[in-house]
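Descriptive structure summary
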Amino acid sequence: MKFLEIVSLLLLSATANAAVDGLCSVNGTSGVCISTANCASGGGKSTVGFCPNDPADIRCCTKTACGSGGNCRWTNECSGTSVSNQCPGPGGFKCCQPSSGGSIPTIPANKCKPHVVSNGYIILNQFPGKVHTVWCYANKPGDHGTGTALDLMVQDRNIIGQTIAEWTMNNHARLMVKYIIWGQKIWNVEVDKTPRAWSQWRAMEDRGSDTANHWDHTHISFLPA
């Protein structure tokens, strides 16, 4: 075989396997391209189609819950504390825990879409100790009925609800957010287009109570995966 042909084959082989141990993402959930066996042994979930240049047993491995309310992601994506030995894959893929100042509640996974759970933890990790309860799926019409909405419960009329709402709005693209409600005001990506201060959000009708008017929780609806 000619020298150039050998070089070409080597380059093709390297390209075909370039994503192994590399970054991948499943509908907004951070993952790593590893074998299905290694993913399963580390408690992760393998999803086909997100590591297209690799062998059949190399798939995107995600793990949306680790440690105490954390989730597995690359260290450069973690705004909290990265903890080793809790996630499958290479050393750079670690369990992202709240940095300090309090714990974060668990997001109920029952019928709640995986990307909603994962992105919900990204939000919670920004505000450790500020949200006391999270609700997701509910047997009713709307986004809660499809498992694509979260209610982040805070103390009634606490300004932190507004802070969470505005931070989520400013990061709406990577979090796959559709709309946000806090304090009887709504911001919708499709309608409002660009981020703006909460005071400039569109007013909603009075529904009769602080809970119904979203004064004790920030409601976040997400795009479908």
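The rules we used
Residues numbered from 1 in each chain as written. Predicted model: local features only at pLDDT ≥ 70, side-chain atom pairs only at ≥ 80, totals over all residues. Heavy atoms only, no water. Axes fitted to C-alpha atoms, helices over the stretch in contact; angles between N-to-C directions. Helix = DSSP H or I, 4+ residues; strand = E, 2+ residues; numbered from the N terminus. Parallel < 35°, antiparallel > 145°, perpendicular 65-115°, else oblique. Left-handed = near helix turned anticlockwise from the far one by under 90°. Contact = heavy atoms within 4.5 Å. Buried < 20%, exposed > 50% of the residue type's maximum accessible area, 1.4 Å probe, protein only. Pairing = 2+ DSSP bridges.

As recorded in an unreviewed UniProt entry, the protein goes by the name ARB-07466-like C-terminal domain-containing protein, listed as coming from Choiromyces venosus 120613-1.

On to the packing of helix α3 (residues 114-126) against helix α4 (residues 160-170), then. Following both chains from N to C, one finds α3 and α4 inclined at 130 degrees, their axes separated by 11 Å at the closest point. What the angle tells us is that α3 and α4 run oblique. For α3 against α4, the interelement crossing comes out right-handed. Contacts between α3 and α4 pair I122, I123 and Q126 from the former with I164, W167 and T168 from the latter.

So, about the pairing of strand β2 (residues 29-35). Counting buried residues in β2 gives seven out of seven residues, a clear majority hidden from the surface. Judged from the four bridges that link them, strand β1 (residues 23-26) and β2 form a sheet pairing that is antiparallel. What sits directly across from S25, in β2, is S30. Inspection of the sheet shows β2 paired to strand β4 (residues 58-62) by four bridges, in the antiparallel sense.

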